[in-house]
Amino acid sequence: MNVQVKKVYRNSYLNIISALFKKLGLPQLIDHLVPVDPQCQTRVSDAVQAILYNVFDGRQALVHLEHWAQEVDCEKLIRPDLHPSWLNDDALARHLDRLYEAGIHNVISTCLIHIYRKEGLSLRAFHADTTDKTVYGAYESASLEALQITHGYNRHHRWQKQIGFGLVGNEDGIPFYGDVHDGNLPDKTWNPEVLSRVHEQLKQAKIEDEWIYVADSAAMTKETLAQTKAANAFLITRGPSSLRIVKTALAEADAEDTTWSDPFTLAERNGATYRVWETASTYEGHPVRLIVVESSALDQRKGKTLEKERTKEAELLREEQARWERHPFSCREDAEQALASLKASLRPRFHRVEAAVEEIVRLKKRRGRPKKGAEPEVETLYFLHLDVEFDQDAWEQARRKASRFVLVTTVPKEWKGQPMDAQEILKLYKGQISVEMNFAFLKDPFFTDEIYVKKPERVAVLGYLFLLALAIYRVFQRRVRQFITPEHPLKGPGGRKLTRPTGQAIFQLFQYVNVILLELPDGRIQRALDRPLNPDQRRILQGLGMDESIYV
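Computed from a predicted model, the values in this text were never measured in an experiment. (Residues numbered from 1 in each chain as written. Predicted model: local features only at pLDDT ≥ 70, side-chain atom pairs only at ≥ 80, totals over all residues. Heavy atoms only, no water.)

Comments concerning the packing of aromatic side chains
Per the stated rule, a full pass over the model turns up 15 aromatic pairs. Where Trp211 meets Tyr213, the ring centres are 6.1 Å apart and the plane angle is 85°; that geometry is what we call edge-to-face. Of the two residues examined, Trp211 and Tyr213, each falls in the buried class. Grouping aromatic residues by their ring pairs yields a cluster made of Tyr13, Phe56, Phe441, Tyr473, Phe476 and Phe507. (Phe/Tyr/Trp six-rings, centres within 6.5 Å; stacked < 30°, edge-to-face > 60°. Buried < 20%, exposed > 50% of the residue type's maximum accessible area, 1.4 Å probe, protein only.)

Here you go:
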């Protein structure tokens, strides 16, 4: 039997992403939102899938995507009879333009709502945050409504040309709302605007229930509080240390008669220990709960700042000690006056300083040789003597105060039949890391590098497609984690046990899965794996409701 090998595809994990994308019904939804042009050989969903799969395979510029498409099994990944040459950069650019004209924000928002419905995800609490992404090139647009790619300072205070990403998602990091916005849009402006838009998305999904909006300290504004109420939501945010009500709460928490909670942890292991104390206040006419949190894990930046202050104070005290101990006074009154002035000026935080006037009687120095038989003259001088000692108690107290922060919330103490005490509010706020972890995906050069397109409108569409790729990635990761347990982990590289694997760690397990395209004697084409799947690979596919047919 003469069977010829026609092609070998390095498909690895792309077939899993493709199968998941189709199981979610996203190709049909996209083609419904942006109808097929009968004059085009490709559909918008074809272009979207090609760009997404290229993102997951180590993204390249659109000009290289046609060549990439020839190296993967497009007919299996996207749809039968799709020729890679149809995915040239001109065709992709036209589809990007059509997505923009159809309202890319609404298209992706509808897809995200659809994903939440298909996955049965909770809409109880959402975490929100923004980030920036550097872009390069000169972008021109005739429309003032288009994405404004502007220079601004990024999170590291570097001046750069950038765009902004805004995300609102659940504790698993799956976006419910996302946007691509101007590069210099401040968070204080973004928060109230996005609250209104998320509320509209919930109404679009026919959900009128109350929900919780969790955000960082930029959300602590009059406008955000007002919009939270209008959006039928409650707010949890971190109170800026400059606010008067925050300063008051921290001062009251430091009183001796303050009753703190018993220490508790939120993580299963190696987690920080917390204590909380709660009070109430009002801000811009809105009643709020203030929760002072003390963590055993001192913030790294605050820890470095304290160390610098301690070192600087020690150096200053050594200089003062050396200066005053070699500066004589002729009378005690002048020395006592200098001593009082010194005590008033020092006020050290981390050291104890004992200062006193020391009287010294010594021979008086005269010019020339003293006369024979003359009595030596003596003089009485006064010096300031300083004893400097590190104050361990003051240092520990300063570290303890530095490890405190204040959460501000409008969530009632009981909500939907459940107690919402200070510990529960802290737990919800700590879930903020889920949205922050998403920014690692959006900034990873492997996934989102090389945004080389000519118009800001196309940059915006690519940005929204990155958000859709992020949603697929998080859904994939969540589905796998549901059936991976500490008792039955996956086996990672080097025999490492994976109990909560990341999407990338799972991808690595499928890195070397290849598909061979065989041409049979009768001209039929048949696909086959180059080697059998191992037990972990079969287990993952089975848990996802798939089998090796996604490859062959």
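Now, onward.
Examining unusual backbone geometry
Look at Asp81: it is not a glycine, yet its phi comes out positive at around 65°. For Asp81, the position within the fold is in the loop between helix 5 (74-77) and helix 6 (89-101). Asp81 sits in the exposed class, given a relative accessible area of 61%. Unusually for a residue other than glycine, Arg347 sits at a positive phi of about 45°. Inspection of the secondary structure puts Arg347 in the loop between helix 12 (332-346) and strand 11 (351-363). Since its relative accessible area comes to 69%, Arg347 is described here as exposed. (Helix = DSSP H or I, 4+ residues; strand = E, 2+ residues; numbered from the N terminus.)

Topic: the sheet that holds strand 19 (residues 525-529)
In sheet architecture, strand pairing relies on hydrogen bonds along the backbone and comes in two forms, parallel and antiparallel. Read across the sheet, 3 strands follow the order 1-18-19 without closing on themselves; strand pairing throughout is antiparallel. A single partner strand is all that each edge strand has here, and the edge strands are strand 1 (4-9) and strand 19. Strand-to-strand twist in this sheet, taken as the mean axis angle between neighbours without regard to direction, amounts to 25°. In terms of strand pairing, strand 1 meets strand 18 (residues 515-519) through 5 bridges, oriented antiparallel. Pairing of Val5 across the sheet is with Leu518, part of strand 18. (Pairing = 2+ DSSP bridges. Axes fitted to C-alpha atoms, helices over the stretch in contact; angles between N-to-C directions.)

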